[in-house]
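Take a look at the letters that make up each chain.
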Amino acid sequence: MFHKRLLLVAMTAALAAAAQAAPKPEAGATAAATPAAAANPFFSASTLQYQAPPFDKITDATFQPAIEEGMKQQLAEIEKIANQSDAPTFANTIEAMERSGALLTRVAKVFFALAQANTNDTLQQVQRDEAPKLAAHQDAIYLNPKLFARVEAIYAARDKLAADEKFLVERYHRQFVRAGANLSEADKATLRALNKEESTLQTEFQNKLLAGTKAGAITTANKAEFAGLSDAELSAAAAAAKERKLDGEWLLPLQNTTQQPAQAELTNRATRERLFKASTERTEHNDANDERATVARLAQLRAQKAKLLGYPTYAAYSLEDQMAKTPDHAIKLMTDMVPATMAKARGEAAQMQKLIDAQNGGFQMGPWDWQFYSEQVKRNEFKLDESQVKQYFELDRVLKDGVFFAANKLYGITFKERHDIPVYQPDVRVFEVFDADGKSMALFYADYFKRDNKAGGAWMDSFVDQSGLLGTHPVVFNVCNFSKPVAGQPALLTFDDVTTMFHEFGHALHGLFSNVKFPSVAGANTPRDFVEFPSQFNEHWAQEPSVFANYAKHYKTGAPMPAEMLKSIKDSGTYGQGYATAEYIAAALLDQAWHTLPAGAEKQDVDKFEAEALKRYNVDYALVPPRYRTSYFAHIWGGGYSAGYYAYLWSAVLRDDAFYWFKEHGGMTRENGQRFREMVLSKGSTMEMDAMYRAFRGRDPSVEPLLETRGLKTPPAGATGSSGASK
Ligand SMILES: [Zn+2]
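Residues numbered from 1 in each chain as written. Predicted model: local features only at pLDDT ≥ 70, side-chain atom pairs only at ≥ 80, totals over all residues. Heavy atoms only, no water.

## A short note on the overall build of the protein
Scanning the protein for helices and strands turns up 30 helices and seven strands. Referenced to the eigenvectors of the C-alpha coordinate spread, the extents of the protein come out at roughly 85 × 60 × 55 Å. For the protein, with 727 residues in total, the buried portion stands at 61%. At a minimum sequence separation of 6, the contacts of the protein that also span at least 24 residues come to 77%. A total accessible area of about 26500 Å² is found for the protein, and carbon and sulfur atoms account for 53% of it. Separation between the mean location of the 82 positive side-chain charges and that of the 88 negative ones in the protein comes to 1 Å. (Helix = DSSP H or I, 4+ residues; strand = E, 2+ residues; numbered from the N terminus. Buried < 20%, exposed > 50% of the residue type's maximum accessible area, 1.4 Å probe, protein only. Contact = heavy atoms within 4.5 Å. Areas by Shrake-Rupley, 256 points an atom, 1.4 Å probe, with all protein chains shown as cover. Lys, Arg positive; Asp, Glu negative; His and termini not counted. Charge placed at Lys NZ, Arg CZ, Asp CG, Glu CD.)

Set out below in structure tokens:
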């Protein structure tokens, strides 16, 4: 996942633009005269390499004053731009906006990174206080009539501009219109109120979900109930219980998805059912963490917002500036795949029921049994044992000899770990990135282990965006939720985890290779249905033979993975794709259902709405629940993927199609990598995505490679692929 949190980073070019320029006097910095402000590390650009955040000086107390002052400064800058007497030009208006808000961007990027990856009560309170103010701040910019008049004047004369400037002006103009710049004053006031409420509800959703997920952990004082877990996992479960003052017990924390990794191992059927229910009902207990009223109002509110802005539904509004353009295009991509996908999933279920019957199980499989028997079928069929496989995926080796190694082969870059750059938590690691010619180019942070104060899933974002205008280098980070080993034990990953690591690093590469002038269009600041393309594309290299052989070595002996196990991993590549694709499509269609509610719709009964929507799209199959049910679907209620969860599949079409281009042109070569870097990864959002893709591929994307890769049609000889992890 690529996190575009809050409107602040999601839509506000002016804000996202306002990156860390070389230290310069900032307008309105008078407040820095007070002693408290003078000591605030955000009030001036960081003096660390590439303006890396000074985490040794940043404390919880520094965020709120810096956010407040940052908004004040940016508003003053915006007022100055809007009220100047000079005729509007690209330089005095658009470029000036790109330069504005340096302090706010500096603090907001760090604040939202920590609010997701390392939160606490203080940060949550700041988020509650500031989120609605930030939404209002954005409105104050986009609903400023004088500023919009200047943008319109430049837009009208845009044909005289350079290509990247023209594209940027069109983007600004669209953003202003979409933010309500053309509305009457009364409608603007209504929109402001809706935006404020939306941001408050989104924060409320995130905080309840974190609490509900934490509370949903299952515990036992009877070790037998957790039978099937490895000794290392049991030690981790005991440590997790101890951390919550449950000495002598064992605790399994919930992951963000419906299905939990432990389901594959737990031999006690009642425990599996308990874990499944804890997961699916985590935010539906009619208590303080119940999300249903929150999400029902969010859906209704977004429909109201769409109507106000002149769109039939929120999805229509949301997809207009995406590569897909309309909800119909997005929905069709998925519904076209429903028959083959559901048939494959039902086939997988039948195979498992046969196994259960052969073992005289005497029961009909439930959804909580799927992973467990799937694992057994996999073991029988492919002789794959996850606990054995894991021993070949030691985290540090996967990172350096796999992820970094692949990036070196394709793009020539190298990495050096830095221990002198401050971090926000001891588990976080920092690497300096060097280009093919040996020149230092960027910083990369990695925060891989699960923590109770970290949101679920995996994502990438930046502390500093690249910009030629501001002279900034990329400072990007990856956050994951891999199981943390007990002290002294190696961190062993599943192959899914390995794929996630490659995925998130694919996002990182998008940020690292950015080579644009304007910060608001740098790196991964692209439409959502494109942004998952570089990340999913990078997953493919995890299975490239020369890469795999370089990192998949036994953690104790260093021996390469036995040929048979490797063959099994490859052969099993499309196994389970019925389930994986079905659970994803169910969630993505649920997202579209919620966001195609017409404007006047009543507040919905969440449980009833969900059931009916799944039925309508023929994905109501009890054995394959959606990857996220409505009440804990963070992508669409708390993150930046509202009406956009389909984007993973859309991007996956590009991913597999682009990978086939590599196959057709000699595979993993430096030359091919360089071409991809120059034509795709360096371009950010400086042109239309379909044109960018066409230039690289030589034609429009085709869905065929994806269907073949997932085994949803007869594959040609030699086609292999990875499943999409980290969704
Ligand atoms: Zn992603």
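## Details of the side chain of Glu-198
Within the secondary structure, Glu-198 sits in helix 10 (residues 185-215). Looking at Glu-198, the relative accessible area reads 3%, which means it is buried. A polar contact is formed between the side chain of Glu-198 and the side chain of Lys-305, at a distance of 2.8 Å. Not counting residues within four places of it along the chain, the set of residues in contact with Glu-198 comprises Leu-298, Leu-301, Arg-302, Lys-305 and Tyr-314. (Polar contact = N/O pair within 3.5 Å; in protein donor to acceptor, adjacent residues only side chain to side chain.)

## Re unusual backbone geometry
Phi at Lys-245 takes a positive value of approximately 65°, unusual for a residue other than glycine. Phi is positive for Asn-618, which is not a glycine, with a value near 60°. With respect to the helices and strands, the residue Asn-618 is situated in the loop between helix 25 (606-616) and helix 26 (634-637). With relative accessibility at 54%, the residue Asn-618 sits in the exposed group.

## Description of the pairing of strand 4 (residues 429-434)
Here strand 4 lies mainly inside the structure; six of its six residues are buried. Of the two faces of strand 4, both are covered, the one formed by Arg-429, Phe-431 and Val-433 as well as the one formed by Val-430, Glu-432 and Phe-434. As defined by bridge partners, strand 3 (residues 414-418) adjoins strand 4 across five bridges and the pair is classed as antiparallel. Following the sheet pairing, Phe-415 is matched in strand 4 by Val-433. Judged from the six bridges that link them, strand 4 and strand 5 (residues 440-449) form a sheet pairing that is antiparallel. (Pairing = 2+ DSSP bridges.)

## Description of the packing of helix 8 (residues 145-156) against helix 9 (residues 163-178)
Where helix 8 meets helix 9, the axes come as close as 10 Å, and the angle between the chain directions of the two elements is 140°. As summarised for this structure, helix 8 and helix 9 are arranged oblique, according to the angle between their axes. Our pair here, helix 8 against helix 9, has a crossing hand that is left-handed. Taken together, the residues of helix 9 that come into contact with helix 8 (itself represented by Leu-147, Phe-148, Val-151, Glu-152, Ile-154 and Tyr-155) are Val-169, Glu-170, Tyr-172, His-173, Phe-176 and Val-177. When the residues that make up the contact of helix 8 with helix 9 are grouped by side-chain class, the tally is nine nonpolar, one polar and two charged. (Axes fitted to C-alpha atoms, helices over the stretch in contact; angles between N-to-C directions. Parallel < 35°, antiparallel > 145°, perpendicular 65-115°, else oblique. Left-handed = near helix turned anticlockwise from the far one by under 90°. Nonpolar A, V, L, I, M, F, W, Y, C, P; charged D, E, K, R; others polar.)

## Some remarks on the nonpolar core
Considering soluble globular proteins, one finds that nonpolar side chains tend to be buried as a cluster. In terms of nonpolar packing, the biggest core is built from 146 residues, with Phe-393, Phe-444, Phe-502, Phe-505 and Tyr-551 touching the most fellow members. The leading source of residues in this core is helix 24 (residues 577-595), at 11 residues. Ignoring sequence-local partners within four residues, the contact set of Tyr-551 consists of Tyr-392, Phe-393, Arg-397, Val-398, Asp-401, Gly-402, Phe-495, Val-498, Phe-502 and Ala-542. Membership of the second largest hydrophobic core comes to 37 residues, among which are Tyr-50, Ala-115, Tyr-424 and Phe-463. (Core = buried A, V, L, I, M, F, W, Y, C linked by side-chain atoms within 4.5 Å.)

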